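Residue-level structure breakdown
Take a look at the letters that make up each chain.
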Amino acid sequence: MSCSLHDIAIIGVGASKFGENFDMDVESMLVAAAYEAYEDAGVKPEDIQAAWIGIQYPFTGLSGATLADPLKLYHIPITHTENYCVSGLDSFRNACLGVASGMYDLVMAAGVEKLTDQAGRGLPTAGFGHPVLLKGLTAPSAFGLAFPQHARKYGTTKEDLAHVAVKNHYNGAAHPKAHFRREVTLEQVMKAPIVSGVLGLLDCCAISDGAAAVIITRREIARKYRDDYVVLRGLGLSVFSNLLPFDPDFDYLTWIPTVKAARVAYEMAGIENPREEIDCAEVHDCFTITEILNYEDLGFCAKGEGGKFVREGRASIDGDVAVNPSGGLKCFGHPIGATGCRMVYEITRQLQGRAEGRQREGARTGLVHNLGGLGGVVCGVAVLSSDDRYR
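Attention in this report is confined to the structure presented alongside it.

Comments concerning unusual backbone geometry
One non-glycine residue with positive phi stands out, namely tyrosine 84, at about 55°. In this fold, tyrosine 84 is placed in the loop between strand 3 (78-81) and helix 3 (87-100). The phi dihedral of asparagine 324 falls on the positive side, at around 55°, and the residue is not glycine. Here asparagine 324 is to be found in the loop between strand 10 (322-323) and helix 13 (328-332). What makes asparagine 324 buried here is its relative accessible area of 0%.

Listed below in structure tokens is the structure:
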């Protein structure tokens with residue numbers, strides 16, 4: 001039976017520990033995440049009718065069989081999604097569409113990546129993109145180009161960037177599954193070794209290993225499993241160009257796909273004032289300057305006020321919008337395929353009042369924002385709610 005996307009409900013979430021999981025392979029991380037989600041939802045493996053698995057790198061796994069083998073989910077449809085850093089959230093999006101289509105009643109969205117076994121520094125880039133046009137361009141150098149532009153036009157400072165790192169590490173220090181569980185000071189962030197341009201070590205998220213899983217169904221079925229299920233209110237995905245750095249109109253002051261995806265998700269959710277209507281958000285803080293632009297692109301503050309927004313504590317756990325209450329990518333690292341589903345995991349638990357780290361008191365509406373590709377090529381946004389008005 002087909003249904004509206006507004007009838008999609010999350011009834012279970014799970015995640016492995018994130019970090020240098022040398023004692024866990026891809027299969028064991030997926031088992032940890034999926035069986036926590038099964039138990040959380042109160043379902044059995046044989047209840048899953050279809051699944052989607054977000055993976056970025058071939059060395060992590062190819063095809064739906066990467067999920068089928070460890071979970072013994074044989075002979076059901078399982079699809080591998082790849083969409084840069086949005087691979088995990090795109091698996092969630094496809095799972096929601098699968099239930100809404102009426103093809104399935106109960107499905108799983110999952111994501112996994114294992115990066116720390118690879119040699120070299122930063123994200124592996126061999127075989128990626130055009131051999132000449134993008135040669136030498138790294139994630140820190142691509143995203144870092146936003147800072148001088150933002151500083152020149154709006155007066156944003158390196159100390160503003162440091163406030164993002166201090167906030168996220170304060171939150172992540174309380175989360176038992178975070179890769180990095182230590183608070184940092186403004187001075188430590190400001191004096192950290194430089195990675196690219198003005199971005200220092202503590203302005204950048206780390207590579208990591210991890211997996212996450214989400215169990216999805218329709219609202220009328222969700223009621224059979226639990227009273228505090230979370231519903232989907234908005235969902236947007238925007239894909240732009242791999243040649244974004246060569247677009248003469250790209251000014252590095254806006255992540256264009258974020259604006260487009262948020263507009264779709266907000267319209268579907270009926271969100272008119274994100275700063276007042278959204279309680280908490282997991283946003284893509286691959287770099288501190290990325291998070292500052294995210295505030296503006298998502299409508300949490302006016303364009304150019306991102307630095308002020310974090311400096312004044314308005315992104316803190318008790319601020320206007322609690323941004324990255326889990327600690328974000330800064331504390332969990334970024335196992336690419338897993339990140340989007342982990343964000344759904346975090347926001348779902350926030351809205352149920354059972355966050356594993358810092359809890360935003362009274363959270364009823366939350367946002368997930370997943371951004372990928374050098375310079376922001378792809379973005380997914382989801383708005384979730386536990387408000388009785390929508391359940």
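Here's the deal with the packing of aromatic side chains
When we look at a pair of aromatic rings, we describe it by the centre distance and by the angle of the planes. Taken as a whole and judged by the stated rule, the model has 8 aromatic pairs. The interplanar angle of 80° and the centroid separation of 5.5 Å between the aromatic rings of phenylalanine 18 and phenylalanine 332 together place this pair among those described as edge-to-face. Taken together, the positions of phenylalanine 18 in the loop between strand 1 (8-15) and helix 1 (26-41) and phenylalanine 332 in helix 13 put the pair 314 residues apart, joining distant regions of the chain. Take phenylalanine 18 and phenylalanine 332: they sit in the same class, and that class is buried. Chaining the aromatic ring pairs together yields one cluster made of Phe143, Trp255 and Phe287. Between arginine 342 and the ring centre of phenylalanine 18, over which it is positioned, the NZ or CZ distance is 5.9 Å.

Looking at the nonpolar core
Judged by nonpolar contacts, the single largest core of 79 residues is most densely connected at Phe92, Ile216, Tyr266, Tyr295, Phe300, Leu367 and Leu384. Tyr38, Ile55, Ile78 and Ile215 belong to the second largest nonpolar core, which has 31 residues in total.

A look at the environment of valine 214
Here valine 214 shows up in strand 7 (residues 209-218). Put simply, valine 214 and aspartate 203 are 11 residues apart on the chain and 29 Å apart in space, counted from C-alpha to C-alpha. Beyond its immediate sequence surroundings of up to four residues, valine 214 is in contact with Ile10, Gly12, Val13, Phe92, Val107, Met108, Ala109, Cys341 and Val344.

Side note on the sheet that holds strand 12 (residues 378-385)
One open sheet holds the 10 strands; their spatial order is 3-2-4-7-1-8-12-11-9-10, and the pairing between them is mixed. Edge strands, defined here as strands with exactly one partner in the open sheet, are strand 3 and strand 10. Pairing analysis gives 4 bridges linking strand 2 (residues 50-54) to strand 3, with the strands arranged parallel. Among the inter-strand pairings, tryptophan 52 is bridged to a residue of strand 3, identified as threonine 79. Against the sheet, helix 1 touches strand 1, strand 2, strand 4 (106-114) and strand 7, its axis set at about 135° to strand 1. Most of the contacts of helix 9 (residues 256-269) go to strand 8 (residues 230-239), to which it runs at about 150°, and overall it touches strand 8, strand 11 (365-372) and strand 12.

As for the state of the cysteines
Two cysteines form a disulfide when their sulfur atoms are joined by a covalent bond. One pass over the structure, following the stated rule, counts 0 disulfides. Left unpaired, cysteine 96 is separated from the closest cysteine sulfur, that of cysteine 3, by 9.6 Å. Owing to a relative accessible area of 0%, cysteine 96 belongs among the buried residues under this scheme. Cysteine 205 provides the cysteine sulfur closest to cysteine 286, a residue in no disulfide bond, and the two sulfurs are 6.0 Å apart.

Some details on the packing of helix 6 (residues 158-172) against helix 11 (residues 288-297)
Across the interface, helix 6 lies against helix 11 with an axial gap of 8 Å and an inter-helix angle of 95°. The angle between helix 6 and helix 11 falls in the class roughly perpendicular. The segment helix 6 lies against helix 11, with Asp160, Leu161, Val164, Ala165, Lys167 and Asn168 engaging Thr288, Ile289, Glu291, Ile292 and Tyr295. Taken together, the residues of the contact of helix 6 with helix 11 sort by class into 6 nonpolar, 2 polar and 3 charged.

Describing the side chain of threonine 258
In this fold, threonine 258 is placed in helix 9. For threonine 258, the side chain forms a polar contact with the side chain of histidine 369, separated by 2.9 Å. Once you skip the residues sitting within four places of it in the chain, threonine 258 turns out to touch Asp297, Leu298, His369, Leu371 and Cys379.

Quick notes on the packing of helix 3 against helix 14 (residues 336-351)
One can describe the packing of helix 3 onto helix 14 by two numbers: an axis separation of 5 Å at closest approach and a directional angle of 55°. Here helix 14 runs oblique to helix 3, going by the angle between their axes. Residues Ser87, Gly88, Leu89, Ser91 and Phe92 of helix 3 form the contact with helix 14, whose participating residues are Gly337, Gly340, Cys341 and Val344. For the contact of helix 3 with helix 14, a count of residues per class yields 4 nonpolar, 5 polar and no charged.

Observations regarding the side chain of asparagine 294
With respect to the helices and strands, the residue asparagine 294 is situated in helix 11. Within polar-contact distance, the side chain of asparagine 294 engages the backbone oxygen of histidine 284 at 2.9 Å.

Thoughts on a nonpolar patch on the surface
Judged by side-chain polarity, Leu133, Leu243 and Phe246 come together as a nonpolar surface patch covering roughly 270 Å² of accessible area. Along the chain, the position of phenylalanine 246 falls in the loop between strand 8 and helix 9.

Side note on the pairing of strand 2
Most of strand 2 is tucked away: 5 of the 5 residues are buried. Neither face of strand 2 is open: one carries Ala50, Trp52 and Gly54, the other Ala51 and Ile53, and all of them are buried. For strand 2 and strand 4, the ladder comprises 5 bridges, and the chain directions are parallel. If you follow alanine 50 over to strand 4, its bridge partner there is valine 107.

A word on helix 14
The terminal C-alpha atoms of helix 14 lie 24 Å apart, and with 16 residues this matches the ideal 22 Å at 1.5 Å per residue to within 8%. Burial analysis of helix 14 places 16 of its 16 residues in the buried class, the great majority of the element. Just downstream of helix 14, glycine 353 is the residue with a positive phi angle, here 70°.

Basis of the calculations
Residues numbered from 1 in each chain as written. Predicted model: local features only at pLDDT ≥ 70, side-chain atom pairs only at ≥ 80, totals over all residues. Heavy atoms only, no water. Helix = DSSP H or I, 4+ residues; strand = E, 2+ residues; numbered from the N terminus. Buried < 20%, exposed > 50% of the residue type's maximum accessible area, 1.4 Å probe, protein only. Phe/Tyr/Trp six-rings, centres within 6.5 Å; stacked < 30°, edge-to-face > 60°. Lys NZ or Arg CZ within 6 Å of the ring centre and 35° of its normal. Core = buried A, V, L, I, M, F, W, Y, C linked by side-chain atoms within 4.5 Å. Contact = heavy atoms within 4.5 Å. Pairing = 2+ DSSP bridges. Axes fitted to C-alpha atoms, helices over the stretch in contact; angles between N-to-C directions. Disulfide = S-S within 2.5 Å. Parallel < 35°, antiparallel > 145°, perpendicular 65-115°, else oblique. Nonpolar A, V, L, I, M, F, W, Y, C, P; charged D, E, K, R; others polar. Polar contact = N/O pair within 3.5 Å; in protein donor to acceptor, adjacent residues only side chain to side chain. Patch = residues over 30% accessible without salt bridge, like charges linked within 9 Å, V, L, I, M, F, W, Y side chains within 5 Å. Areas by Shrake-Rupley, 256 points an atom, 1.4 Å probe, with all protein chains shown as cover. Salt bridge = Lys/Arg side-chain N within 4 Å of Asp/Glu carboxyl O. Expected span 1.5 Å × (residues − 1).

Read these as geometric descriptors, not functional statements.
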